[in-house]
Amino acid sequence: MSDTVESSASGAPGAADGGEEGETRRDFLLLATTAFGAVGAAFAIWPFVDSMNPSADVLALSSIEVDLSPIAKGQRITVKWRGAPVFIEHRTQAQIDAARKDDKADLIDPQLDKDRAKRPEWLIMVGICTHLGCIPLGQKSGQPKGEWGGWFCPCHGSHYDTSGRIRKGPAPKNLPIPEYEFLSDTVVRIG
Amino acid sequence: MTVSEWPKQAVSWFDERLPVFTFMQHELNEYPTPRNLSYWWNFGSLAGIVLVVMIATGIVLAMHYTPHVDMAYDSIEQRIMRDVNYGWLMRYVHLNGASMFFLLVYIHLFRGLYYGSYKAPREVLWWLGIILLLLMMMTAFMGYVLPWGQMSFWAATVITNLFSAIPLIGDQIVTWLWGGFAVGNPTLNRFYSLHYLMPFVIVGVVMLHLVALHMHGSNNPLGIDRKEERDSIPFHPYYTIKDALGLGVFFIVFAVFVFFAPNFLGEAENYVRANPFQTPAEIVPDWYFLPYYAILRSITFDIWFIPAKLIGVTAMFGSLMLLFALPWLDTSKVRSARFRPIYKQVYWVFVVDCLVLGWVGANRPEGHILIIGQVATAYYFLHFLVLMPLIGWFEKPRPLPDSISKAVLERPAPPAEAGTGGAE
Ligand code: HEM
Ligand code: FES
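1. Notes on the packing of helix α5 (residues 87-115) of chain B against helix α13 (residues 341-361) of chain B
All names here are of chain B. Following both chains from N to C, one finds α5 and α13 inclined at 155°, their axes separated by 10 Å at the closest point. Between α5 and α13, the interaxial angle falls into the category roughly antiparallel. Like other packed secondary-structure pairs, α5 and α13 cross with a definite hand, here right-handed. Across the interface between the two elements, Phe110, Arg111, Leu113 and Tyr114 of α5 pack against Tyr343, Lys344, Tyr347, Trp348, Phe350, Val351 and Cys354 of α13. Classifying every residue of the contact of α5 with α13 gives nine nonpolar, no polar and two charged.

Structure below.
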């Protein structure tokens, strides 16, 4: 500190010797202050940005329990999880076999059926098309299920197979698998 | 001092403290303007007036609107449309005003394309115009979500999902935009906040746009600089009166929509309450987004390892970003298409191409419509990236007149100009 005072005292009237040194010191102080200010400002932006992320009340709704006992074999139901539809299907052996057989097919987003269903008879997926977010058809009887008997997204024509894998159309990925856990044989917790 | 001198004294007293009167005198009364501007030069000021109309109606609508997923739809369909005095009028003016705004700005932009208004020294003016267009699009998109109808919800879903195409962090960005795991109440709230903010940002950028305009003044149908004193006339009263006439005509068109066909430009599906569990059979945006939507949906193929979705999104944003580079992509020194025999033809092909893209965007991208969309998309990029640089290079422009006044005062009849209907 005393150093600064001294040098500015000697440098101030434009003394030829102290002038140059005074300038570099001032430049350094200016640079350091600016850099510090800039870093501070950058940190100050973060709370603004983060305030737009999902809030605690939104996150609090992020797990649900579903009773699977009323779902018959071959039946599909939709439940609401975090504001989005989740497809639950009680698969028949034929559907499981079809999905397993296609493990070796030419897949857009390769994934084994056993990695997509913790218990093969229960397929649990987020029912949102990975293209631009439409809800694929196929949950209700009479709706088109696409060429592979799974789901069909009408928005831009994406076909999903009996494992929810993308087979044809503009969607880049398989229907996502949420985190879930079987609490018992008939109750599953999603989220 | 006589009584009649008071206002004058008051004016100069005030002006010495805040020079608003000097400013207005300078920028409106004296502001020298090319003497030959046609009616194509009316659209900028018309857009400015519609902006004021949008803000005025928007502020009133905001007094009655409730930004909550359970109440938004009813606050518009029940309260504003049926219960609030003149609420229906405010809403229909705001709704159709958005369409009119885009119509005017598109004409304004294509005027610039035809007369080369983007060339030196007006490049920054042009950039500010594109920024205005982008801001308008963001505002219109977020406004469209507010009624919380089926199209509101699904347009919001599809458009925010575009960001998931960004590699690695795409999904986080989408969650951040939503403030949740799907479009929901947090999304509606932030869109409302931003929809209210954006028009004022637009006002600010319009100011800059005008400052940039007044640096060199307007371009003109001949595209040549002013050289003589008599090339210019004062803005007031000549162009104030011309703008006022145009405004009268425009308001008639506007009123026809508002009073006789208020939903003609809209989508019936948006009069159905939003249902996050049912996607409508067809998701289509408002007409002014259709060409971009067509470009997005035309890309159905991967290129190497780049997924179609990312290419589609890039092409869509790129179609607008290209406009920023236009002053350099166009290599011709001549501004006005009037003196550019080849560009003049290509210009109209490009206009048709944009209309075709709009038509494709309104239809399902299947069969021959998909093919037409792909060809039109390819042509759009070809126009800017190949034709504009090439034509400027080999085209032989017609001789330019010596000055504006020579061309308009001394020639017996102005040259016939096919199609543009320029009324000078
Ligand atoms: C909020 C929307 C906009 C408003 C309120 C606005 C307003 C104006 C006004 C009042 C003028 C002067 C009158 C005229 O030449 O017509 C002008 C000129 C101009 N604007 Fe805009 N504008 C808007 C958007 C745009 C857009 C989207 C573009 C193009 C990308 C653009 C490009 C230009 C150019 C190049 C000029 C100078 C034209 C010339 O001198 O020939 N503007 N604008
Ligand atoms: S959103 Fe499903 S195919 Fe586009």
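2. Describing the domain arrangement of chain B
Residues and elements named next belong to chain B. Along its sequence, chain B is carved into domain 1 (26-147 + 199-221 + 232-269) and domain 2 (286-396). In this structure, domain 1 and domain 2 have C-alpha centres spaced 25 Å apart. Contacts between the two partners involve 32 residues from domain 1 and, on the opposite side, 28 residues from domain 2. Surface buried jointly by domain 1 and domain 2 totals about 2600 Å² across both partners, of which 67% is contributed by carbon and sulfur atoms. Summed over the three residues of domain 1 that lose the most area to domain 2, namely Phe110, Tyr114 and Lys119, the buried surface amounts to 25% of that side. At the junction of domain 1 with domain 2, the criterion picks out one salt bridge. Measuring nitrogen to oxygen at the nearest pair gives 3.0 Å for the salt bridge that ties Asp330 to Lys119.

3. Examining the nonpolar core
Ranked by size, the top nonpolar core spans 126 residues in total, and within it Leu113, Leu133 and Phe384 of chain B carry the most contacts. The residues touching Leu133 of chain B, leaving out its near neighbours within four places in the chain, are Phe102, Val105, Tyr106, Leu109, Tyr292 and Leu320 of chain B.

4. Considering the sheet that holds strand β6 (residues 158-161) of chain A
Residue and element names in this part refer to chain A. Spatial strand order, β5-β6-β7: three strands in an open sheet with antiparallel pairing. Bordering the open sheet on either side are β5 (149-153) and β7 (166-168), each of which pairs with just one other strand. Neighbouring strand axes in the sheet, compared pairwise and without regard to direction, differ in orientation by 35° on average.

5. What about the state of the cysteines?
All names here are of chain A. Summed over all chains, the structure comprises one disulfide over all chains. The disulfide that involves Cys134 links it to Cys155, with 2.0 Å between the sulfurs. Negative torsions about the S-S bond denote left-handed disulfides, and the value of about -95° found for Cys134 with Cys155 makes this one left-handed. Pair noted here: Cys134 is in the loop between β4 (122-126) and β5 and Cys155 is in the loop between β5 and β6, with a separation of 21 residues, a long-range link.

6. Considering the site of ligand 1
Residue and element names in this part refer to chain B. Taken together, 25 residues sit near ligand 1, with His108, Ser117, Gly129, His209 and Asn219 positioned nearest. The separation between an oxygen atom of ligand 1 and a polar side-chain atom of Ser117 is 2.7 Å. Contact between ligand 1 and His209: a nitrogen atom at 2.7 Å from a side-chain N or O atom of the residue. Of all the secondary-structure elements, those providing two or more residues to the shell around ligand 1 are α3 (43-62), α5, α6 (123-145) and α9 (185-216). Sorting elements by how many residues they give to the shell around ligand 1 places α6 first, with seven residues. Classifying every residue of the shell around ligand 1 gives 15 nonpolar, nine polar and one charged.

7. Notes on the interface of chain A and chain B
Taken together, the 24 residues of chain A in the interface contact 24 residues of chain B. Note on chain A versus chain B: buried area summed over both sides is about 2100 Å², and carbon and sulfur give 68% of it. Along the contact surface separating chain A from chain B lie seven residue pairs in polar contact (both at pLDDT 80 or more). Elements with a contribution of two residues or more to the side of chain A that touches chain B: α3 (56-60), β2 (76-81) and β3 (84-90) of chain A. In terms of residue count, β2 of chain A provides more of the side of chain A that touches chain B than any other element does, three residues in total.

8. Considering the sheet that holds β4 of chain A
All names here are of chain A. Here we have three strands laid out as an open sheet, ordered β2-β3-β4, and antiparallel in their pairing. The strands lining the two open edges of the sheet, one partner per strand, are β2 and β4. Ignoring strand direction, the axes of neighbouring strands in this sheet form an average angle of 20°. As judged from the six bridges shared by β2 and β3, these two strands associate in the antiparallel manner. Bridged to Arg76 within β3 is Glu89.

9. Re the coordination of the iron atom of ligand 1
All names here are of chain B. In the first shell of the iron atom of ligand 1, the protein supplies His108 (NE2) and His209 (NE2), at 2.1 to 2.2 Å from the metal. Considering all six donor atoms around the iron atom of ligand 1, the spread of angles at the metal, 76 to 178°, places the coordination shape in the irregular class. Note that His108 is positioned in helix α5 and His209 in helix α9, a separation of 101 residues in sequence.

10. Structural notes on helix α1 (residues 6-17) of chain B
The end-to-end C-alpha distance of α1 of chain B, which contains 12 residues, comes to 17 Å, matching closely the 16 Å that a straight helix rising 1.5 Å per residue would cover. Among the 12 residues that make up α1 of chain B, one are buried, leaving the element largely open to the surroundings.

Rules and cut-offs
- Residues numbered from 1 in each chain as written.
- Chains lettered and ligands numbered in written order.
- Predicted model: local features only at pLDDT ≥ 70, side-chain atom pairs only at ≥ 80, totals over all residues.
- Heavy atoms only, no water.
- Axes fitted to C-alpha atoms, helices over the stretch in contact; angles between N-to-C directions.
- Helix = DSSP H or I, 4+ residues; strand = E, 2+ residues; numbered from the N terminus.
- Parallel < 35°, antiparallel > 145°, perpendicular 65-115°, else oblique.
- Left-handed = near helix turned anticlockwise from the far one by under 90°.
- Contact = heavy atoms within 4.5 Å.
- Nonpolar A, V, L, I, M, F, W, Y, C, P; charged D, E, K, R; others polar.
- Domains from an automatic or database assignment.
- Buried area = accessible area lost by both parts, 1.4 Å probe.
- Salt bridge = Lys/Arg side-chain N within 4 Å of Asp/Glu carboxyl O.
- Core = buried A, V, L, I, M, F, W, Y, C linked by side-chain atoms within 4.5 Å.
- Buried < 20%, exposed > 50% of the residue type's maximum accessible area, 1.4 Å probe, protein only.
- Pairing = 2+ DSSP bridges.
- Disulfide = S-S within 2.5 Å.
- Near = heavy atom within 4 Å.
- Polar contact = N/O pair within 3.5 Å; in protein donor to acceptor, adjacent residues only side chain to side chain.
- Donors = N, O, S within 2.8 Å, 3.2 Å for Na, K, Ca; no water.
- Tetrahedral: all angles 85-135°; square planar, octahedral: opposite > 155°, others 65-115°.
- Expected span 1.5 Å × (residues − 1).

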